[in-house]
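Understanding the architecture of this molecule
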Amino acid sequence: MEILGLYNYWVFGALLMIGFFALIARQNLVKKLLGLSIFQSAVFLLYISLAKVEGGTAPIILDPTAAEIFSNPLPQVLILTAIVVGISTTALGLAIVVRIREAYDTIEDDEIRRLDRRS
Amino acid sequence: MSLEAHIPALPVIVPLLAAPIAAYLRPRHLAWAAATLASIASFAIAVLLALATRDGSIHRYAMGGWPAPFGIELAIDSLGALVLLIITGASTLAIIAGRETIERDIEPHRQPLFYAAWLMVVAGLAGIAITGDAFNVFVFMEISSLATYVVIAAGSDRQALTAVFKYLIMGTIGATFYLIGVGFVYMMTGTLNFADMQARLADIPYVAPVHLAAAFIIVGLALKAAVFPLHAWLPNAYAHAPHAVTAFIAACSTKVTILVLLRFDFVVFMGNIAEHATQFALFVMPLALLGILFGSGVAIFETNVKRLLGYSSIAQLGYILLGASFVDRAGLLASVLHIFNHALAKGALFLAIVALGHHLTRFEIRDLHGIGRRMPWTLGAFSIAALSLVGVPGTAGFISKWYLIVAAFGQGSLGLVLVGVIVASSLMAVVYLWRILEPAWFAAADPVAAGAADDKRVGEAPVGVLAVVLLAAALNVWFGLVPAFPLELAGHAADELLRHVP
Amino acid sequence: MSVATAVWIPLAGALLIALTGRWPNVRETITILTAITLAAFVYSVGVEVTAGGRPTAMLGELLPGVSIGFKVEPLGLMFGTIASGLWIVASLYSIGYMRGNKEHHQTRFYVCFAIAIAAALGIAFSANLLTLFLFYEILTISTYPLVAHKGDAKTIAAARVYLGILLATSIGLFLPAIIWTYHAAGTLDFVQGGILAGAVSGPALGFLLALYVFGVGKAAVMPVHRWLPAAMVAPTPVSALLHAVAVVKAGVFTIVKVIVYTFGIDHLFAEPSSAWLTYAAAFTIIAASIVALRQTNLKRMLAYSTIGQLSYVVLAAAILKPLSEIGAAVHIVAHAFGKITLFFAAGAIYTASKKTELHELAGIARRMPWTMTAFTIGALSMIGVPPTAGFVSKWYILAGAFQSDNYFAIFTIIVSTVLNAAYFLPVIFLAWLQPEQTPQKKDHGEAPLFIVVALTTTALLTLGLFFFNQPLIDLEAQVVGRGER
């Protein structure tokens, strides 16, 4: 039960590795970026899951006197920032891929390396 | 509050606000002027802060008036002030020296955007140096990284794009690893403030997640700092970036990451995880030594001058880490001092490259043949900076090498091996720099080289550029003879870092 | 005036020379005037030191407990005096040589020469090892353009050897040795009796001594002597600078200074691990003499002779007796006078006749009697025949060796004297007594007047030191802290 109870960490680990694998193993630059996105998303999930408090509600306080249990809002706020950063990174990466495609006429990493060696 | 109270925040605020202004300023020369002014202003503030921390005090500033540990806190200590000085100084010199080459190499309508991105780099790096909040470090790191990718991609050949893509992938992995580590620490302590983390970690009985966090943070930051063997992105990024950008980032970007690494390990972990000092030393020292030998060794056989200097940076980074891995005052002092002195030397070398770039389009060693006859002052400055990099007495590099070797002697019998490595690497530096300097001074220009060294019209770089280059070289000599100022800051930085180490 | 002026005068001279490079007459007048000013200043310092004063000037603390600073003591005064005094002569000679051979880049030449002299004085007057090391490196770097002066591929390759060996030994061995000393003793000051007693002892002391001896590549103890023959590609005035005035003298001076003021001769004498130095020096003396015997080129022969003569100084210092330390100091002076005469003569022969090989010298004394007389005096001094300076220094070295019953050193000196005679006497015989070969490359007489004046002066100094050595001996006796002879 202990192992399964921490399933959110298993999901985080699995996603992290899937993303990392795509990053390393794929030659296609867009697929690399997709891998990077999955890699980052895994971390978002980690943060969000560790904010969850069992039995807690959304952190919206309607009645200040009631001692409600609610989830920690801070990691969620943090991760909003991280998501923005992730989007910017992906966008910038894609923009660079477009420029690479214009310059090399390919987006395959091995092909690009071959072209660079020749020049 | 009066303006004076806000000074600690200004190194970030000024470039951050100036960036959008620069992006919309037309004509482009105004954008350059705005960026330069913002950079100079940040530098002036950095000088003020550095002078203020000379007595070892820490200047805190609560962002938005939210007190720590709830709000984000800026905490400027000697280490932060020193690195801030490097960042803003390098930015100022590089942007002044680089105007003509940027003007030539980048399409006119993109230049204001380029300068805006440049300022974002300054803001991001400055933010990392002075913030006291772990998550804030991540945000600033990404601001500076994203902007750095943009300015590097402005390089004129297409290989800049592939280099930057590689950098983007590696940099993002590094930053994400850091983020994971911070997440685990937050999970255990519920705080993001460095000082608060340090205090609360002591009460945590279950330390396995903290160990994991330390591993993620060290590896992530090592990746961003191009610590051997995670350096693969660095040489090409340096080689293909616009010359002015190389001069700027080579002086400071990896060092800022080292600063975070030192903060996290020394302030947060060492006091709280038993054996962390040993773990840190055992992990970092071999990598530092290998990096020193590898970087110098590859540089000996490298033919592209900018990439060669990039490999040399990997070796020099090894010195910085080696000092830190001793986990004592002498080592940290040498390490922090070398952050400053290497920035001086490498910055001056790349500024000289900017000046040479007025006439050379490529930077293979053979393109530089005979350039000394055409541009003696520039090459003279390059030579002085090279001496500083080697560590010849009378230059800044000598001071830090001296402290490093003294610290290494303090390591007992292991110290002799360390001294051997440091000395061997210095001699290798003589070799690789000599491979550039000798033909540059003496050889006849290579007729098949793409550079224009033999062209009769080639003379010195414009006076303004030359002045900056000579100033940078002169600083190497000045801080080699009068090292009191960086020494003081480095001493306080070492004390501050060691305060929590048992 | 602060003794630091001794460094500032030639530096200011270098600046003025650079600024007036366009007018050769002005430039060369400034060179001579600077040299004279410097010599006068060093003389004024010398008066104070002889009277027992130790003028000191500290410029600022570079590292905790270690400042960049100067403190003149007899050994340094002696080196400073020959460097500044011979600079006047060497300048006169350079003017004749550079003009006579229509060399290029003459301004660069004079500027670097002046900087090298400044560095030599910095070394001579340094108050501690760090200051010495700083100027040692400046000397290496400022003489590099002089060695590479010709600028063709062969010269640059040779100059690379020069710079490579000197930088590699200084950074690789000398600097670690200094830092080790600093780590062990906590100071780097030159102190009477040394600073290492009680700090380093046993085999480590012998090892540290090795780091110093081989780290000071300028002293050319084998196997780090290769740069000296390589540097023969330089113009002759530079060879004179290297061999007599500044560079090698800086090397042996450093070794003597380190042995006397850092190790302390008594501390070193008590440690058997330092005995190897005698053998290393002896080996260098004999080996260099044998190699010199086999040379056919005049300048190369002189270069190997220098290597041997330098190790005389090292040997003398390694005997570790007060008399031999005095001998070491005197030998620095004696060799400086003798060797600069020989190089001036070699340069005079080259300028007048373009001859460089030994066999070409047959009968040349008839055409150049002044030059060859001076050459003969220099050669006799190298062998150690009275009435020349070489005899005096050898006397003291031998006296020191007898004092400590070091028969190995005595034997070495005797053998090498025979070898020295074996390679110098045939040259003298050839030049004076053999008939000229025909046809001659070129019909010539004496070298230009500047050159002849310069080499006659140094030859007279070589003779003079034999007759008037008492002030020098008394001065150097202060080094080992005794009044007796």
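Bear in mind that the values here come from a model prediction, so they are computed numbers and not experimental data. (Residues numbered from 1 in each chain as written. Chains lettered and ligands numbered in written order. Predicted model: local features only at pLDDT ≥ 70, side-chain atom pairs only at ≥ 80, totals over all residues. Heavy atoms only, no water.)

1. Describing the overall build of chain A
In terms of regular secondary structure, chain A is built from 5 helices and 0 strands. Each helix (α) and strand (β) of chain A, taken in turn from the N terminus, gives the series α-α-α-α-α. For chain A, whose C-alpha radius of gyration is 20 Å, the value lies well above the compact-globule estimate of 14 Å for 119 residues. By its C-alpha atoms, chain A is 70 × 35 × 15 Å across when sized along the principal axes. Burial analysis of chain A (119 residues in total) assigns 34% to the buried set. Across chain A, contacts joining residues at least 24 apart in sequence account for 50% of those joining residues at least 6 apart. Just so you have it, chain A exposes about 7300 Å², and 67% of that area is on carbon and sulfur atoms. (Helix = DSSP H or I, 4+ residues; strand = E, 2+ residues; numbered from the N terminus. Rg over C-alpha atoms; globule rule 2.2 N^0.38 Å. Buried < 20%, exposed > 50% of the residue type's maximum accessible area, 1.4 Å probe, protein only. Contact = heavy atoms within 4.5 Å. Areas by Shrake-Rupley, 256 points an atom, 1.4 Å probe, with all protein chains shown as cover.)

2. Brief notes about the arrangement of the chains
The assembly contains 2 pairs of chains in contact; the pair sharing the most contacts is chains A and B. Kept free of each other, chain A and chain C leave a smallest C-alpha distance of 31 Å between them.

3. Some words on the packing of aromatic side chains
Two measures describe an aromatic ring pair: the distance that separates the ring centres and the angle between the ring planes. Inspection of the entire model under this criterion finds 46 aromatic pairs over all chains. Aromatic side chains Phe-39 of chain A and Phe-177 of chain B sit 5.9 Å apart centroid to centroid with 35 degrees between the ring planes, which places their arrangement in the tilted category. Here Phe-39 of chain A is found in helix 3 (residues 29–51), whereas its partner Phe-177 of chain B is found in helix 7 (residues 159–189) on a different chain. The two residues Phe-39 of chain A and Phe-177 of chain B agree in class, both being buried. Aromatic rings pair up to connect Phe-398 and Trp-402 of chain B together with Phe-133, Tyr-136, Phe-174, Tyr-182, Tyr-212 and Phe-263 of chain C into one cluster. Here the basic side chain of Arg-158 of chain B rests over the ring of Tyr-104 of chain A, its NZ or CZ set 4.2 Å away from the ring centre. (Phe/Tyr/Trp six-rings, centres within 6.5 Å; stacked < 30°, edge-to-face > 60°. Lys NZ or Arg CZ within 6 Å of the ring centre and 35° of its normal.)

4. A few points about the interface of chain C and chain B
Opposite the 26 residues of chain C that make contact, chain B presents 25 residues. In terms of surface lost to chain B, no three residues of chain C exceed Leu-62, Ile-171 and Ile-179 of chain C, which account for 25% of the buried area on that side. On inspection of chain C and its partner chain B, the count reaches 1 salt bridge. The partner of Glu-438 of chain B in a salt bridge is Arg-160 of chain C, and the shortest N-O contact between them spans 2.6 Å. If you look at where chain C meets chain B, you find 1 residue pair in polar contact (both at pLDDT 80 or more). Sorting the residues of the side of chain C that touches chain B by element identifies strand 1 (56–63), helix 5 (129–147) and helix 6 (153–185) of chain C as the ones contributing at least two each. Of the residues forming the side of chain C that touches chain B, the biggest block, 14 residues, is contributed by helix 6 of chain C. Its residues assigned to classes, the side of chain C that touches chain B shows 21 nonpolar, 2 polar and 3 charged. (Buried area = accessible area lost by both parts, 1.4 Å probe. Salt bridge = Lys/Arg side-chain N within 4 Å of Asp/Glu carboxyl O. Polar contact = N/O pair within 3.5 Å; in protein donor to acceptor, adjacent residues only side chain to side chain. Nonpolar A, V, L, I, M, F, W, Y, C, P; charged D, E, K, R; others polar.)

5. Considerations on the nonpolar core
Trp-118, Tyr-178, Phe-248, Phe-264, Phe-266, Phe-269 and Trp-402 of chain B are the most contacted members of the largest nonpolar core, which has 442 residues in total. The contact partners of Tyr-178 of chain B, leaving out residues within four places of it in the chain, are Ala-134, Val-137, Phe-138, Met-141, Phe-194, Phe-216, Ile-217, Gly-220, Leu-221, Val-260 and Phe-264 of chain B. (Core = buried A, V, L, I, M, F, W, Y, C linked by side-chain atoms within 4.5 Å.)

6. Topic: the domain arrangement of chain B
All names here are of chain B. Annotation of chain B at the domain level lists domain 1 (1–274) and domain 2 (278–493). Counting residues at the interface gives 50 residues for domain 1, matched by 44 residues for domain 2. Both faces combined, the contact of domain 1 with domain 2 buries some 4200 Å², and carbon together with sulfur accounts for 79% of it. Applying the counting rule to domain 1 against domain 2 returns 9 residue pairs in polar contact (both at pLDDT 80 or more). At the level of elements, helix 2 (28–52), helix 3 (78–97), helix 4 (99–105), helix 9 (208–224), helix 10 (234–240) and helix 11 (243–269) are the ones that each hand at least two residues to the side of domain 1 that touches domain 2. The dominant element in the side of domain 1 that touches domain 2, judged by the number of residues it contributes, is helix 11, at 13 residues. Of the residues belonging to the side of domain 1 that touches domain 2, the class tally is 32 nonpolar, 12 polar and 6 charged. (Domains from an automatic or database assignment.)

7. Quick word on the environment of Thr-254 of chain C
All names here are of chain C. Residue position: Thr-254 is located in helix 10 (residues 247–263). Of the residues examined, Thr-254 reaches a relative accessible area of 0% and is grouped as buried. Separated by 122 residues in the primary sequence, Thr-254 and Leu-132 have C-alpha atoms spaced 8.0 Å apart. The contact partners of Thr-254, leaving out residues within four places of it in the chain, are Ile-123, Leu-132, Tyr-136, Phe-174 and Val-216. Within the structure, Thr-254 has its side chain in polar contact with the backbone oxygen of Ala-250 (distance 2.5 Å).

8. Some points on the interface of chain B and chain A
Counting residues at the interface gives 29 residues for chain B and 36 residues for chain A. If you sort the residues of chain B by the area they bury against chain A, Arg-158, Phe-165 and Tyr-186 of chain B come out on top, with a joint share of 23%. The tally of links between chain B and chain A comes to 0 salt bridges. Linking chain B with chain A are 5 residue pairs in polar contact (both at pLDDT 80 or more), by the criterion used here. Here the side of chain B that touches chain A gets 18 residues from one element, more than from any other, and that element is helix 7 of chain B. Of the residues that constitute the side of chain B that touches chain A, the class distribution is 21 nonpolar, 5 polar and 3 charged.

9. Comments concerning the pattern of salt bridges
One pass over the structure, following the stated rule, counts 18 salt bridges over all chains. Arg-113 of chain A is paired through a salt bridge with Asp-109 of chain A; the nearest N and O atoms lie 2.8 Å apart. Of this pair, Arg-113 of chain A and Asp-109 of chain A both sit in helix 5 (residues 109–118), separated by 4 residues, roughly a single helical turn. According to the relative accessible area criterion, Asp-109 of chain A is buried, its value standing at 16%. Arg-28 of chain B is the partner of Glu-103 of chain B in a salt bridge, and the nearest nitrogen-oxygen pair spans 2.6 Å. One end of the pair, Glu-103 of chain B, is in helix 4; the other, Arg-28 of chain B, is in helix 2, with 75 residues separating them in the sequence. A relative accessible area of 26% means that Glu-103 of chain B is categorised as partly exposed. Here Arg-28 of chain B falls in the partly exposed class, since its relative accessible area comes to 25%. Salt bridges linked by common partners bring Arg-27, Glu-28 and Arg-99 of chain C together as one network.

10. Overview of the packing of helix 2 of chain B against helix 5 (residues 111–130) of chain B
Residue and element names in this part refer to chain B. Close contact between helix 2 and helix 5 brings their axes to 8 Å; oriented N to C, the two are set at 10 degrees. Put simply, helix 2 runs roughly parallel to helix 5. Residue-level inspection shows Arg-28, Ala-31, Trp-32, Ala-35 and Ala-38 of helix 2 in contact with helix 5, the latter providing Gln-111, Pro-112, Tyr-115 and Leu-119. Residues of the contact of helix 2 with helix 5, tallied by class, amount to 7 nonpolar, 1 polar and 1 charged. (Axes fitted to C-alpha atoms, helices over the stretch in contact; angles between N-to-C directions. Parallel < 35°, antiparallel > 145°, perpendicular 65-115°, else oblique.)

11. Points about the environment of Tyr-162 of chain C
Residue and element names in this part refer to chain C. Residue position: Tyr-162 is located in helix 6. For Tyr-162, a relative accessible area of 0% puts it in the buried group. In the structure, Tyr-162 is positioned 93 residues away from Gly-69 in sequence and 28 Å away in space, judged by C-alpha atoms. Discounting residues that sit within four places of it in the chain, Tyr-162 has contacts with Thr-140, Thr-143, Tyr-144, Val-147, Trp-227, Ala-231, Leu-242 and Val-247.

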